[in-house]
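Breakdown of the fold
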Amino acid sequence: MSDSSSSSSSSGTDTDNSVPTFVSSLVFNLVVAAIIFIAFCILRPRFKRVYAPRTYAVNKEKRSSAVSSQPLAWISAIFRVRDEEIIARVGLDTYMFLRLMRTMFIIFFVLSILSVITILPANITGGGDAAGMDRLTMANVPGESGKLWVHIVFFMVFVVWVMRTIFGELKVYTRLRIWWLTNPTHSSKVGASTVLVSTLPSALMDNDNKLSSMFNMFPGGVRQIIVNRNCSKLEKVVEDRNAFVGSLEKALTSYAVKCEQAHIKSVKKGVAYVAPKHPMTRASKIPFKGPKLDVFEYYSTQIASLNQKICEMSGDKEQFKRQSSAFVLFRKQMAAHMAAQTVLDYKPFSMNSVSLDINPDDIIWSNLNMNPYDRRIRGYISFAATIGLVIVWTILTAALVSLISIDNLKKIPALSSMTNSKWFGLFSGIVPAVVLAVLMAVLPMILRLLLRLEGTPRVSEVNLRLLHRFFFFQVWNVYLVMIFSTAILTVATDAVKDPSMILKLIPTNVPKSATPVLVYVLLLAFTGAAKEILQIARLVLRYVLPLLFAKTPRAISNAEKPAEFDWGTSIPVHSLIFLMGFSYSFISPLVNCFVAAYFGLFYLVYRYQFLYVYNDANWVTGGLSFPKAIQQIMVGVYISEVYMLLMMVAKIADNVNANGIVRVVFTALTLLLTVIAHLYINDAYLPIINFMPVRGAADIEANPKIASMFPDVMSDGDMSGDTLETASTLTAEHKARLGFYAAYGSLVPKKLIDYVLHKVPSLLDPRRFISPKPGQGKTDIADEEEAIMSDESPPPVLNVQTTTTDGFLPMPTAHHYNDENALGISARRSSQNTNVLSIDSANAMQQMPMPPANLLAPGEHAAGDNSLSIHSYTSATELRQRRSMAPSATSMAKRRSRFDTASDRLEADAGDNALAEAFSNPALRAKPESVVWVPRDNNNLCDELHQNVRTWGAGTIHIVTDCVWIDAKCNVKADVEFDPEAAAGVVENVAVSKAPTNHK
């Protein structure tokens, strides 16, 4: 009787806690998500630099077309982009990630519908005594009930479907991987045929001839070998020089603003202008020690001295000791892949680390001189530290979660009378998930540091290795410790008293953890997806912090760099959600619905973010994160099968019968077949993922056109078969049909796709996928960066700084905007005189002639109007105050966007000298010249100071005043796309220098 009472009491408690917790969490997350999505739809057209930087801040061929300001126009825009176009714009890594999210959404969408129809009724009518949310779970089905076969059959069918999907997706990926490796967009880059060889033996490190002869064994031979050098002393000099340049830019910018302010005051008061005093500083780092020095003279002379040192030190590279790593540039791409798979030395650990597809911007230069034994010791230490972090985070997570649980809060006398309030239900449904999310956000920074300390040579490799480590943390700390802690502790506590009760407690206590799973998925599905698309942190960083901290043009420019996607931490989170959903798919069908919502919302959000926001120019692995994500999905399948096996065994603990034994056998057989399938995946697909197959390379060499065609990824034929791009042989409708096969062929049979397309023929209409090309679509007036050129504007004139090469006025900085639309102001170039900028307003038209070139200081670039747009002005008065100055034709010819990456310019036909420089340590690439990017005041009051700075700098300081100005409120504004180093010619230009016809 006492047991019965206890059970009843327990059920009542569960009813009181589980339902309010779930409902409060659902309502809260839905409301917050709705508010955030509405805010995004309102803010998106007004803040283009946050919500659509890919429409201008990337290479032109990778830009997305602008979207109108209609609240939901972005949804239709992102779904008009075809799969092959996504790969062309954002790369294979992004496409495979989006494809994975879409696949998971479809799986759980179907899973949720069928589980609600089959498993949920079986659970509700199971005949058990569970209450509250537990009545919807498997805990309400007794072990002797025949309804458990519904769970078994349902689970086995979906395991088979998931495994079939994994096989299909890997088939698609292997086809796309080969196509990506051989496509001219990738293969034409020098990095595609370059390898980084680490742990070189001393005999080869100091002997270029031996090193070349060894690698010449590969087909095509070696084009060039660049052995890395220890440049620590030079790096320190370059670092000091750059610090002084930053200080000089800050001082000159501040002084220009003060001059402008002083001039405005003198005009208002009608008195003579008095130049502000130069700021003073001391050479000593100790406060108040040493004489006071003029800031501009001191910084300039220090820069000149350091530039002289850089010139002397970099002139003779042989003075820098060689390191035990080298870049080997092959003439053929296949040679690089063969070298990466070959045993290069007969000594242990010698040349055992070879990296493919090298991008100089991706290299961690400090990790290139590590001997193999040091690297291994560091790896062991890092692994031990990771285990230690697991233990510490386990204790910390469990402690925090237990402290904020309602059961423990009831023990506090001051809160005992308040725990029955609805607010405590809200508290228990939200706070634990938020605390866990905060803890998990801190962890990746520590893991990244450990991986770098191991000696990992590339940033991309750090992120790829982080995928598995962070996933392990997610599974252990989030899933097992936090969510399962209550069930595990309950089972363990009761099992100590009576070990025979373990199997009886599992089927009743494990399903109770379904509510915490639901709460966590709800938090990430609705609030998490909404926060991802709103990008509130980026909004603050770009529009608030620059007002407070970004005072120089370079600081303003750096504050507005396009966002990058965090691959190392994002994929494990989504893999964890799959694990949670699939492991509870048969226990609590309600979980499937919210996991489907999670993947659906994130697929929608990520599709927009990757097409319009994220710019991962340096993350180019050819989709290598995808097979790692597949391995994490397999972990979820295994855990779900172990759950099912334990549940079936536990269900027959009290009553062993033939029916129950058969259910256990079927579950165990499912687990065994999954293991066999996983072994097949590892043997069949993994060897052909990392490296380019010889047969594929041979087919491409025989018919190079194949590499330019998007492949039929579901075909079992040769690479020379039909493709999606053979417009001459395939109709547009057939191409659209092949596109559906490629997108959904791994999920469902082709016959089902043909049936749907037959019933809905409009899906094959090619016009569904036609979207305006970047720059061709008409932007809405609400757009922050609306093109303001009139229709009758003449063709662009390159020697006029007020225009860009595409005929539009360049974009201004992202902050300090006011509503100028009300002024009715528009700006356009005068078609009669290219040296006149015509500015029309609602009330007046003014013409401002360009100053003659002879008024400019020698060697100085004119104050630019490159970023001129209607949004640059804060008042009509500023239109009269603003001066427009034209740069020289040389300056415009040298102009290059700062968003152009080195890898994009590193073509295979670049010259040997250019390649040697590109693959050298950044300190060796540093020029013995400095570019100072500062504004010029509107009255040329700083011209004499600029000339003095050039004199003090001994000709090593270039002052660039293009694309930066001081507005009427004395705020500094700049064109964030402008590259001052390129304008001054102080950059290496890899693409210009062509390769010689004969290589030595």
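Computed from a predicted structure; not experimentally measured.

The helix and strand tally for the chain stands at 36 helices and 13 strands. A total of 1000 residues make up the chain; the buried ones form 53% of that total. A fraction of 80% describes how many contacts in the chain between residues 6 or more apart in sequence connect residues 24 or more apart. Accessible surface computed for the chain: about 43400 Å², of which carbon and sulfur atoms make up 62%.

The next point concerns the packing of helix H4 (residues 83-90) against helix H5 (residues 92-124). Running from N to C, H4 and H5 point in directions that differ by 135 degrees, and their axes come no closer than 7 Å. Classified by the angle between their axes, H4 and H5 sit oblique to one another. Contact with H4, carried on its side by Asp 83, Ile 86, Ile 87 and Val 90, involves Leu 92, Thr 94, Tyr 95, Leu 98, Arg 99 and Arg 102 of H5 and no other residues of that element. Across the contact of H4 with H5, the residue classes break down as 6 nonpolar, 1 polar and 3 charged.

On to a nonpolar patch on the surface, then. Judged by side-chain polarity, Val 19, Val 23, Val 27, Val 31 and Ile 35 come together as a nonpolar surface patch covering roughly 390 Å² of accessible area. Relative to the assigned elements, Val 23 resides in helix H1 (residues 2-43).

Counting through the fold element by element, Gly 622 comes out in the loop between helix H24 (590-612) and helix H25 (625-651). In this structure, the C-alpha to C-alpha distance between Gly 622 and Ile 689, residues 67 residues apart in sequence, is 9.6 Å. Sequence-distant contacts of Gly 622, that is, excluding residues within four places in its chain, are made with Leu 92, Asp 93, Tyr 173, Arg 177 and Trp 180.

Quick look at the nonpolar core now. Within the largest apolar cluster, 144 residues are counted, with the highest numbers of intra-cluster contacts made by Leu 176 and Tyr 608. Counting residues per element, this core draws most heavily on helix H6 (residues 148-182), at 17 residues. The residues contacting Tyr 608, other than those within four sequence positions of it, are Phe 40, Arg 44, Tyr 51, Ala 52, Trp 74, Ile 78, Ile 533 and Val 613. Grouped together as the second largest cluster of nonpolar side chains are 48 residues, Cys 231, Val 245, Phe 296 and Ala 926 included.

With that settled, consider the sheet that holds strand S5 (residues 322-330). Taken in spatial order, the 4 strands of this open sheet run S2-S5-S1-S6, and their pairing is antiparallel. Every interior strand has two partners, whereas the edge strands, strand S2 (222-229) and strand S6 (353-356), have only one. The mean angle between the axes of side-by-side strands here comes to 20 degrees, regardless of whether they run parallel or antiparallel. The pairing of strand S1 (residues 194-198) with S6 spans 4 bridges and is antiparallel. In the strand pairing of S6, Val 197 is matched with Val 354. Here helix H9 (residues 208-215) sits on the sheet and contacts S1, S2 and S5; the angle it forms with S2, its principal contact strand, is near 135 degrees. Here helix H12 (residues 333-341) sits on the sheet in contact with S1, S5 and S6, set at roughly 150 degrees to S6.

Counted according to the given criterion, the structure contains 48 aromatic pairs. Judged by centre distance (6.5 Å) and plane angle (75 degrees), the ring pair of Phe 472 and Phe 473 falls under edge-to-face. By relative accessible area, Phe 473 is classed as buried at 0%. With a centroid separation of 4.9 Å and 90 degrees between ring planes, the pair formed by Phe 565 and Trp 567 is classed as edge-to-face. By relative accessible area, which is 2% here, Trp 567 ends up buried. In this arrangement the basic side chain of Lys 750 is found over the ring face of Tyr 741, its NZ or CZ atom lying 5.0 Å from the centre.

What follows covers the packing of H6 against helix H26 (residues 658-684). With their axes 11 Å apart at the nearest point, H6 and H26 run at an angle of 5 degrees to one another. On the basis of the axis angle, H6 is roughly parallel to H26. For the pair H6 and H26, the contacting residues are Leu 148, Trp 149, Ile 152, Met 156, Val 159, Met 163, Ile 166, Phe 167 and Leu 170 in the first and Asn 659, Val 662, Arg 663, Phe 666, Thr 667, Thr 670, Thr 674, Ala 677, Tyr 680 and Ile 681 in the second. In the contact of H6 with H26, the residues fall into 14 nonpolar, 4 polar and 1 charged.

Further remarks concern the pattern of salt bridges. Within the structure shown, the criterion is met by 18 salt bridges. One salt bridge connects Arg 229 with Glu 318, and the closest N-O pair in it is separated by 3.0 Å. Of the two residues, Arg 229 is situated in strand S2 and Glu 318 in the loop between helix H11 (295-315) and S5; the sequence distance between them amounts to 89 residues. Residue classification places Arg 229 among the buried positions, given a relative accessible area of 11%. For Glu 318, a relative accessible area of 56% translates into the label exposed. Residues Asp 754 and Arg 737 are paired through a salt bridge, measuring 3.0 Å at the closest nitrogen-oxygen approach. Placement of Asp 754 in helix H29 (residues 750-759) and of Arg 737 in helix H28 (residues 732-744) is noted, with a sequence separation of 17 residues between them.

Quick look at unusual backbone geometry now. One non-glycine residue, Asp 357, lies in positive phi territory at about 50 degrees. For Asp 357, a relative accessible area of 13% gives the class buried.

On to the environment of Gln 302. With respect to the helices and strands, Gln 302 occurs in helix H11. Residues Gln 302 and Ala 283, 19 residues apart in the sequence, show an inter-C-alpha distance of 10.0 Å.

Turning next to the environment of Phe 155. Looking at the element boundaries, Phe 155 is found in helix H6. With a relative accessible area of 3%, Phe 155 lands in the buried category. Counting along the chain gives 486 residues from Phe 155 to Glu 641, while the straight-line C-alpha distance between them is 8.7 Å. In this structure Phe 155 touches Phe 582, Phe 586, Ser 640, Glu 641 and Met 644, once residues within four positions along its chain are discounted.

This paragraph deals with the confidence of the model for the chain. Mean pLDDT over the chain stands at 76; residues scoring 70 or higher make up 73%. Here residues 1-16 is a poorly scored stretch, pLDDT under 50, and it has 10 contacts once near neighbours within four places are set aside; other chains count. Note on residues 988-1000: pLDDT is under 50 here. Beyond four places in sequence and across chains, it has 28 contacts.

Summarising the element assignment, Thr 569 is placed in helix H23 (residues 567-583). A distance of 2.8 Å separates the side chain of Thr 569 from the side chain of Asp 566, its partner in a polar contact. Ignoring any residue separated from it by four or fewer positions in sequence, one finds Thr 569 in contact with Pro 444, Arg 448, Leu 466 and Phe 470.

Moving on, we come to helix H35 (residues 943-952). Every buried residue belonging to H35 is among Asp 943, Leu 945, His 946, Val 949 and Arg 950, and all of these are buried. The buried side chains of H35 occupy one side of the element, clustering within an arc of 160 degrees when seen end-on. Exposed side of H35, more than 90 degrees from the buried face: Glu 944 and Thr 951 are the residues found there. Its buried side turned inward, H35 meets helix H10 (232-269), H11 and strand S11 (957-960).

Mapped onto the secondary structure, His 151 falls in helix H6. Judged by its relative accessible area of 0%, His 151 falls in the buried class. Within the structure, His 151 has its side chain in polar contact with the side chain of Asn 123 (distance 2.8 Å). Contact partners of His 151, with chain neighbours within four places excluded, come to Ile 119, Ala 122, Asn 123, Met 138, Val 141, Phe 586 and Met 644.

This part takes up the pairing of S11. The pairing of strand S10 (residues 930-933) with S11 spans 4 bridges and is parallel. Paired with Val 932 across the bridge in S11 is Ile 959. A crossover links S10 with its parallel partner S11, the connecting element being H35, and its sense is right-handed.

Conventions and cut-offs
Residues numbered from 1 in each chain as written. Predicted model: local features only at pLDDT ≥ 70, side-chain atom pairs only at ≥ 80, totals over all residues. Heavy atoms only, no water. Helix = DSSP H or I, 4+ residues; strand = E, 2+ residues; numbered from the N terminus. Buried < 20%, exposed > 50% of the residue type's maximum accessible area, 1.4 Å probe, protein only. Contact = heavy atoms within 4.5 Å. Areas by Shrake-Rupley, 256 points an atom, 1.4 Å probe, with all protein chains shown as cover. Axes fitted to C-alpha atoms, helices over the stretch in contact; angles between N-to-C directions. Parallel < 35°, antiparallel > 145°, perpendicular 65-115°, else oblique. Nonpolar A, V, L, I, M, F, W, Y, C, P; charged D, E, K, R; others polar. Patch = residues over 30% accessible without salt bridge, like charges linked within 9 Å, V, L, I, M, F, W, Y side chains within 5 Å. Salt bridge = Lys/Arg side-chain N within 4 Å of Asp/Glu carboxyl O. Core = buried A, V, L, I, M, F, W, Y, C linked by side-chain atoms within 4.5 Å. Pairing = 2+ DSSP bridges. Phe/Tyr/Trp six-rings, centres within 6.5 Å; stacked < 30°, edge-to-face > 60°. Lys NZ or Arg CZ within 6 Å of the ring centre and 35° of its normal. pLDDT = per-residue confidence, 0-100. Polar contact = N/O pair within 3.5 Å; in protein donor to acceptor, adjacent residues only side chain to side chain. Arc of directions from axis to C-beta. Right-handed = clockwise from strand over helix to strand, strands pointing away.

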